Amino acid sequence: DVKVTQSSRYLVKRTGEKVFLECVQDMDHENMFWYRQDPGLGLRLIYFSYDVKMKEKGDIPEGYSVSREKKERFSLILESASTNQTSMYLCASSFVHSINQPQHFGDGTRLSIL
Amino acid sequence: TQLLEQSPQFLSIQEGENLTVYCNSSSVFSSLQWYRQEPGEGPVLLVTVVTGGEVKKLKRLTFQFGDARKDSSLHITAAQPGDTGLYLCAGGVGSSNTGKLIFGQGTTLQVKP
């Protein structure tokens, strides 16, 4: 089975802190994604990566950056955390070869910014 | 901007009832995927439909892709408490090497025993 592991289930940080969310997948997937999930808004794409060191902005990249130094690891960085970034963050991965490939998700990190 | 509108957003029904969830757009999608998410977990793929008019069945769940590939529906027959969860539709967008998906807002289903 595909395993996507997010480093923390719950995280509490303070306004202004630099926050790192880590995601690791074990299926050699080329694509990796970061979403935030808020009630009534579904999943919104923050950033995605289709290869090592490659990244593209999603729909809501402001206030975030990402890093992909190794194929299996995709990190989301909140440069200076703000209270409006309190949310559930989901990481996903998929194969590159078909647009119809399913995405495999981690269990999420619930981040609270105080 | 491509959007997927999902309805209803909330559904609370009794065990044994039937229900339908709709996913609509003005855009054409290359495929439509349905996911279910349970509390404390990430979404898990239920099905992918690719061809216009395609119908797929997964036990008591029936998925249909519209002829024009702009809409999809999920029908559950004789719902059970184990069907409780958040249902998300997602449309495939972008070039083939990105695997990008656009998600609907989700439908929260509660099935009471």
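Residues numbered from 1 in each chain as written. Chains lettered and ligands numbered in written order. Predicted model: local features only at pLDDT ≥ 70, side-chain atom pairs only at ≥ 80, totals over all residues. Heavy atoms only, no water.

**Student:** Explain the sheet that holds strand β3 (residues 19-24) of chain B here, please?
**Tutor:** Paired through backbone hydrogen bonds, the strands of a sheet run either parallel or antiparallel to each other. All names here are of chain B. Strand order in this open sheet of five strands is β1-β3-β8-β7-β6, and the pairing throughout is antiparallel. Among the strands making up the open sheet, the edge pair consists of β1 (5-7) and β6 (55-58). Taking the axes of each pair of neighbouring strands and ignoring which way they run, one obtains an average angle of 15° across the sheet. Sheet analysis places β1 next to β3, joined by three bridges and oriented antiparallel. Residue pairing in the sheet places Q6 in a bridge with C23 of β3. (Pairing = 2+ DSSP bridges. Helix = DSSP H or I, 4+ residues; strand = E, 2+ residues; numbered from the N terminus. Axes fitted to C-alpha atoms, helices over the stretch in contact; angles between N-to-C directions.)

**Student:** So what exactly am I meant to see when it comes to the interface of chain A and chain B here?
**Tutor:** Interface extent is often summarised as the accessible area lost during association of the parts. Residue-level contacts link 25 residues of chain A with 29 residues of chain B. If you look at where chain A meets chain B, you find five residue pairs in polar contact (both at pLDDT 80 or more). Within the residue set of the side of chain A that touches chain B, elements represented by two or more residues are β4 (31-38) and β5 (42-51) of chain A. The leading source of residues in the side of chain A that touches chain B is β5(A), at five residues. Broken down by class, the residue content of the side of chain A that touches chain B amounts to twelve nonpolar, ten polar and three charged. (Contact = heavy atoms within 4.5 Å. Polar contact = N/O pair within 3.5 Å; in protein donor to acceptor, adjacent residues only side chain to side chain. Nonpolar A, V, L, I, M, F, W, Y, C, P; charged D, E, K, R; others polar.)

**Student:** Is there a simple way to think about the pairing of strand β8 (residues 71-76) of chain B in this case?
**Tutor:** Within a regular strand, the side chains alternate between the two sheet faces. All names here are of chain B. Where β3 lies against β8, six bridges are found, and the strand directions are antiparallel. Pairing of N24 across the sheet is with D71, part of β8. By the bridge criterion, five bridges tie strand β7 (residues 61-65) to β8 in an arrangement that is antiparallel. Looking at the pairing, Q64 lines up with S73 of β8. Hairpin geometry of β7 and β8 is characterised by an intervening segment of five residues between the two adjacent antiparallel strands and by a positive phi of about 60° at R69.

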